[in-house]
Amino acid sequence: MVRWAEADDLSGLVSIELAADRLFEQVGIVFPPGTTMIEEVDDPGSVLVEGAPPAGFALVGRVDGNLHLEQLAVHPASMRQGIGGRLMTAVIDHARASGAPAVTLTTYRDVPWNAPWYERHGFSVMSEPEWGPELRALVERERELGIEIAPRVVMRREP
C-alpha cells in the first residue's frame, strides 16, 4: 500500500536508492560519487513509499507549477511486483488532487526501465522549447553534477 513517508522511513530509503542505482551499471552507467537524492530530503511529505519497511519510494517536488518526479526507486529484491507502477499511480493521483497541470521528470532515454517504462505509463518526451525556466535550470544542474552520462530526456504526462 502506497502512503506518505514518515520521518522514520527516510534513513532506510538510502539503501533502496543505492541498490537501484547499481542496476545502471548493467547498461554502462556509473553515477558520480556524492550523496543520494533521498539523503538530501528533510520533508517526508515529499516522499511516497510502499511497504513497511518501504521497498520503494517516489520523491516529488514542484517545477514550473507542475508536480515533478525527482526520483522513483524500488529495491531490486522487490522489483517486478508492481511497486513502481503503484508508486507512479500515486504520483499521478497526487498531481490531479493538488491541481498540478502535469507531472514532469527527467530520465535516461535508452535505459529500458527509464524512458520506455515511463512511456508505458503515459508519459511523452518534451522538446526543449516546451521546458519552463525551472525545468531548464534543473536539466542544467543535472549536467553540472555529471548525471548526463548517457542520453537523457524530459518527459511529461497530464494527470
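Keep in mind it's a predicted model, so treat the numbers as computed, not measured.

Rules used in this analysis
- Residues numbered from 1 in each chain as written.
- Predicted model: local features only at pLDDT ≥ 70, side-chain atom pairs only at ≥ 80, totals over all residues.
- Heavy atoms only, no water.
- Pairing = 2+ DSSP bridges.
- Helix = DSSP H or I, 4+ residues; strand = E, 2+ residues; numbered from the N terminus.
- Contact = heavy atoms within 4.5 Å.
- Axes fitted to C-alpha atoms, helices over the stretch in contact; angles between N-to-C directions.
- Core = buried A, V, L, I, M, F, W, Y, C linked by side-chain atoms within 4.5 Å.
- Buried < 20%, exposed > 50% of the residue type's maximum accessible area, 1.4 Å probe, protein only.
- Polar contact = N/O pair within 3.5 Å; in protein donor to acceptor, adjacent residues only side chain to side chain.
- Phe/Tyr/Trp six-rings, centres within 6.5 Å; stacked < 30°, edge-to-face > 60°.

Chemist: Teacher, can you tell me more about the sheet that holds strand E5 (residues 103–108) here?
Modeler: Across a sheet, strands are paired by hydrogen bonds formed along the backbone, either parallel or antiparallel in direction. Taken in spatial order, the seven strands of this open sheet run E1-E2-E3-E4-E5-E7-E6, and their pairing is mixed. Every other strand in the sheet has two partners, leaving strand E1 (2–4) and strand E6 (124–125) as the edge strands with one partner each. Pairing of strand E4 (residues 66–74) with E5, which is carried by three bridges, proceeds in the parallel orientation. Residue pairing for E5: Leu 67 is matched across the bridge by Val 103. Across the sheet, helix H2 (residues 83–97) is in contact with E1, strand E2 (47–51), strand E3 (54–63), E4, E5 and strand E7 (152–157); its angle to E4 comes to roughly 165°. The sheet strands contacting helix H4 (residues 133–145) are E3, E4, E5 and E7, and the helix crosses E3 at an angle near 125°.

Chemist: Just to check I follow, could you spell out the nonpolar core for this structure?
Modeler: In summary, soluble globular proteins display a tendency toward joint burial of nonpolar side chains. The biggest cluster of nonpolar side chains holds 24 residues, and the ones touching the most others in it are Leu 69, Met 88, Val 91 and Tyr 118. The biggest single contributor to this core is H2, with seven residues. Core analysis: the second largest hydrophobic core is formed by 13 residues, Leu 10, Ile 16, Val 41 and Phe 57 among them.

Chemist: Can you walk me through unusual backbone geometry in this structure?
Modeler: In terms of backbone geometry, most residues other than glycine have negative phi values and most peptide bonds are trans. The step from Ala 52 to Pro 53 runs through a cis peptide bond, and the omega angle for that step is 0°. Topologically, Pro 53 is positioned in the loop between E2 and E3. Of note in the backbone geometry, Asp 64 takes a positive phi value of approximately 55° without being a glycine. Note on placement: Asp 64 falls in the loop between E3 and E4.

Chemist: Would you explain the side chain of His 68 in this entry?
Modeler: In this structure, His 68 sits in strand E4. Judged by its relative accessible area of 2%, His 68 falls in the buried class. There is a polar contact of 2.7 Å between the side chain of His 68 and the side chain of Thr 104. Residues within four places of His 68 in sequence aside, it is in contact with Leu 59, Val 60, Gly 61, Val 63, Thr 104, Leu 105, Thr 106, Leu 135 and Leu 138.

Chemist: Before we go on, may I ask you to explain the packing of aromatic side chains in this structure?
Modeler: Any pair of aromatic rings gets described here by the distance separating the centres and the angle formed by the planes. By the definition in use, this model includes six aromatic pairs. Taken together, a centroid distance of 5.2 Å and an interplanar angle of 70° make the contact between Phe 24 and Phe 31 edge-to-face. Judged by relative accessible area, which is 8%, Phe 24 ranks as buried. Ring geometry for Phe 24 against Tyr 108: centres 5.7 Å apart, planes inclined by 55°, an arrangement best described as tilted. Taken together, the positions of Phe 24 in the loop between helix H1 (10–22) and E2 and Tyr 108 in strand E5 put the pair 84 residues apart, joining distant regions of the chain. Accessibility classification places Phe 24 together with Tyr 108 in one group, the buried group. Taken together, the ring pairs in this structure connect Phe 24, Phe 31, Tyr 108 and Trp 113 into an aromatic cluster.

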